[in-house]
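Residue strings, one per chain:
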Amino acid sequence: MQQLMWIDAALGGILGLIVGSFLNVVIHRMPKMLERQWAQEYADLQGQETPGEDGAGTYNLLRPASACPKCAHKIRWYENIPVLSYLFLRGRCSGCGTAISLRYPLVELATGALFAFCLWQYGWTVQALAWCGFSAALLVLALIDWDTTLLPDDITLPLLWAGLVCAALGWTPVPLVASLWGAVAGYLFLWCIFWAFKLLTGKEGMGYGDFKLLAALGAWFGWQALVPIILASSVIGAIIGVGMKFSSNLREGGYIPFGPFLAGAGFVAMVFGPNAILHFIGL
């Protein structure tokens, strides 16, 4: 039995490495796709012509093919093997020698580790695939928000609905009622904080995407997990914020997006359970 679990985890890790390579594309391209969509919608409202979607104008998760942003060198299939290609190329483009961000293999390794954990826990079951999907979506959201302060509805809303559907089908240990109220309470909690902060200061302390992300986490873990998740995300955010302040790495204006810390708390809840968060912080 133990040997089979290791085999499942290893195969899950390999699958995760492959999926992680695609997640890098999503993280890089989705914000740009949203910008193009907004520009097109604005042009439509102004009655202006918009670029066509065929030929060179096509930009989505599949087209155009991946290329070096510096020299436009088309990335060959053997230069796109997760982690191994990065090591073989020594972290540099084969066309112009420009350094490739270390984050690409790290995303692949993180996805591989998360998938390995899910397969270790559940084997090759629908539950494992559901949590793999949860992990992939949460990782993408965390990095997009960190880069752009955006939490795309194209990911947060499907993640929320997936949590409710999985609860209804019994693919998560959370009853449907707890999942439903987790989604409701998660959204309303941050919505109330948002408006209280805005009325007191006249400023917006967070975006609506954070409401939807916490609602999604409530759907996956139930309303009982919301307090541990909020506490964990606050602790993670405080630690990273203090570290960035002392290292002078805070962005202009001193803001830090909250989504990555919510995502981090979500991963902690998935691996250790929400109750473990409370135990860790002494509650």
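Check the entry above for the structure.
Presented here is a report on the structure given in the accompanying data block. (Residues numbered from 1 in each chain as written. Predicted model: local features only at pLDDT ≥ 70, side-chain atom pairs only at ≥ 80, totals over all residues. Heavy atoms only, no water.)

## Thoughts on the overall build of the chain
Then comes step 1: Within the chain one finds 10 helices and 0 strands.
Then comes step 2: Seen in sequence order, the chain has helices and strands lined up from the N terminus as α-α-α-α-α-α-α-α-α-α.
Then comes step 3: On C-alpha atoms alone, the chain measures out to a radius of gyration of 20 Å, which is about the 19 Å that the 2.2 N^0.38 rule sets for 283 residues.
Then comes step 4: Each principal axis of the C-alpha distribution contributes one length, and for the chain these read about 60 × 55 × 45 Å.
Then comes step 5: In the chain, 69% of the contacts between residues at least 6 apart in sequence involve partners at least 24 apart.
Then comes step 6: Of the roughly 16,100 Å² of accessible surface on the chain, 67% is carried by carbon and sulfur atoms. (Helix = DSSP H or I, 4+ residues; strand = E, 2+ residues; numbered from the N terminus. Rg over C-alpha atoms; globule rule 2.2 N^0.38 Å. Contact = heavy atoms within 4.5 Å. Areas by Shrake-Rupley, 256 points an atom, 1.4 Å probe, with all protein chains shown as cover.)

## Looking at the packing of aromatic side chains
Then comes step 1: Evaluated as defined, the whole model comprises 13 aromatic pairs.
Then comes step 2: On the basis of an interplanar angle of 65° and a centroid distance of 4.9 Å, the ring pair of Trp6 and Trp120 is categorised as edge-to-face. Here the residue Trp6 occupies a position in helix H1 (residues 2-45), and Trp120 occupies one in helix H3 (residues 103-122), the gap between them amounting to 114 residues.
Then comes step 3: Ring pairs connect the aromatic residues Tyr187, Trp191, Phe194, Trp195, Tyr208 and Phe211, which therefore count as one cluster.
Then comes step 4: Taking the ring centre of Tyr59 as reference, the NZ or CZ of Arg29 above it sits at 5.5 Å. (Phe/Tyr/Trp six-rings, centres within 6.5 Å; stacked < 30°, edge-to-face > 60°. Lys NZ or Arg CZ within 6 Å of the ring centre and 35° of its normal.)

## A short note on helix H8 (residues 226-246)
Then comes step 1: Its 21 residues place the ends of H8 30 Å apart at the C-alpha level, agreeing with the 30 Å of an ideal helix rising 1.5 Å per residue.
Then comes step 2: The inward-facing, buried residues of H8 contact helix H4 (126-148), helix H6 (176-201), helix H7 (208-221), helix H9 (259-272) and helix H10 (274-280). (Expected span 1.5 Å × (residues − 1).)

## So, the nonpolar core
Then comes step 1: Core analysis: the biggest nonpolar cluster contains 55 residues, and Phe134, Leu159, Phe221 and Ile229 have the highest contact counts within it.
Then comes step 2: Mapped onto this core, the elements with two or more residues apiece are H1, H3, H4, helix H5 (153-169), H6, H7, H8 and H9.
Then comes step 3: Sorting elements by how many residues they give to this core places H4 first, with 14 residues.
Then comes step 4: With residues up to four places along the chain from it excluded, the contact list for Leu159 reads Phe134, Ala137, Leu138, Leu141, Leu213, Ala216 and Trp220. (Core = buried A, V, L, I, M, F, W, Y, C linked by side-chain atoms within 4.5 Å. Buried < 20%, exposed > 50% of the residue type's maximum accessible area, 1.4 Å probe, protein only.)

## Regarding the packing of H7 against H8
Then comes step 1: Two numbers describe how H7 lies on H8: the axes approach to 10 Å, and their chain directions differ by 135°. Between H7 and H8, the interaxial angle falls into the category oblique. For H7 against H8, the interelement crossing comes out right-handed. Every residue of H8 that contacts H7 at Leu214, Leu217, Gly218 and Phe221 is listed here: Leu226, Ile229 and Ile230.
Then comes step 2: Split by residue class, the contact of H7 with H8 holds 6 nonpolar, 1 polar and no charged. (Axes fitted to C-alpha atoms, helices over the stretch in contact; angles between N-to-C directions. Parallel < 35°, antiparallel > 145°, perpendicular 65-115°, else oblique. Left-handed = near helix turned anticlockwise from the far one by under 90°. Nonpolar A, V, L, I, M, F, W, Y, C, P; charged D, E, K, R; others polar.)

## Overview of a nonpolar patch on the surface
Then comes step 1: On the surface, Val177, Leu180, Trp181, Val184, Leu188, Trp191, Trp195, Leu199, Tyr208 and Trp223 cluster together into a nonpolar patch covering about 1,000 Å² of accessible area.
Then comes step 2: The dominant element in the nonpolar patch, judged by the number of residues it contributes, is H6, at 8 residues.
Then comes step 3: Position of Trp195 relative to the elements: it lies in helix H6.
Then comes step 4: Its relative accessible area of 32% is what places Trp195 among the partly exposed residues. (Patch = residues over 30% accessible without salt bridge, like charges linked within 9 Å, V, L, I, M, F, W, Y side chains within 5 Å. Salt bridge = Lys/Arg side-chain N within 4 Å of Asp/Glu carboxyl O.)

## Observations regarding the pattern of salt bridges
Opposite charge on two side chains allows them to pair when their charged atoms are near.
Then comes step 1: Across all of its chains, the model carries 4 salt bridges by this definition.
Then comes step 2: Salt-bridge contacts for Asp153 lead to Lys212; the nearest nitrogen and oxygen are separated by 2.8 Å. Note that Asp153 is positioned in helix H5 and Lys212 in helix H7, a separation of 59 residues in sequence.
Then comes step 3: Judged by relative accessible area, which is 18%, Lys212 ranks as buried.

## Focus on the packing of H1 against H3
Then comes step 1: Two elements in contact, H1 and H3, have axes whose closest approach is 6 Å; the angle formed by their N-to-C orientations is 145°. Both H1 and H3 take part in a crossing whose hand is right-handed.
Then comes step 2: Taken together, the residues that form the contact of H1 with H3 break down as 15 nonpolar, 9 polar and 3 charged.

## With respect to the side chain of Asp8
Then comes step 1: Inspection of the secondary structure puts Asp8 in helix H1.
Then comes step 2: Arg103 provides the closest opposite charge to the buried, salt-bridge-free Asp8, at an N-O distance of 30 Å.
Then comes step 3: A polar side-chain atom of Asp8 sits 3.2 Å from a polar atom in the side chain of Trp124.
Then comes step 4: For Asp8, the contacting residues outside a window of four places in its chain are Leu119, Gly123 and Trp124. (Lys, Arg positive; Asp, Glu negative; His and termini not counted. Polar contact = N/O pair within 3.5 Å; in protein donor to acceptor, adjacent residues only side chain to side chain.)

## Some details on the environment of Pro228
Then comes step 1: The residue Pro228 is located in helix H8 in this model.
Then comes step 2: Sequence spacing of Pro228 and Leu278 is 50 residues, and the spatial spacing of their C-alpha atoms is 5.9 Å.
Then comes step 3: Pro228 has contacts with Pro274, Ile277 and Leu278, leaving out every residue within four places of it along the chain.

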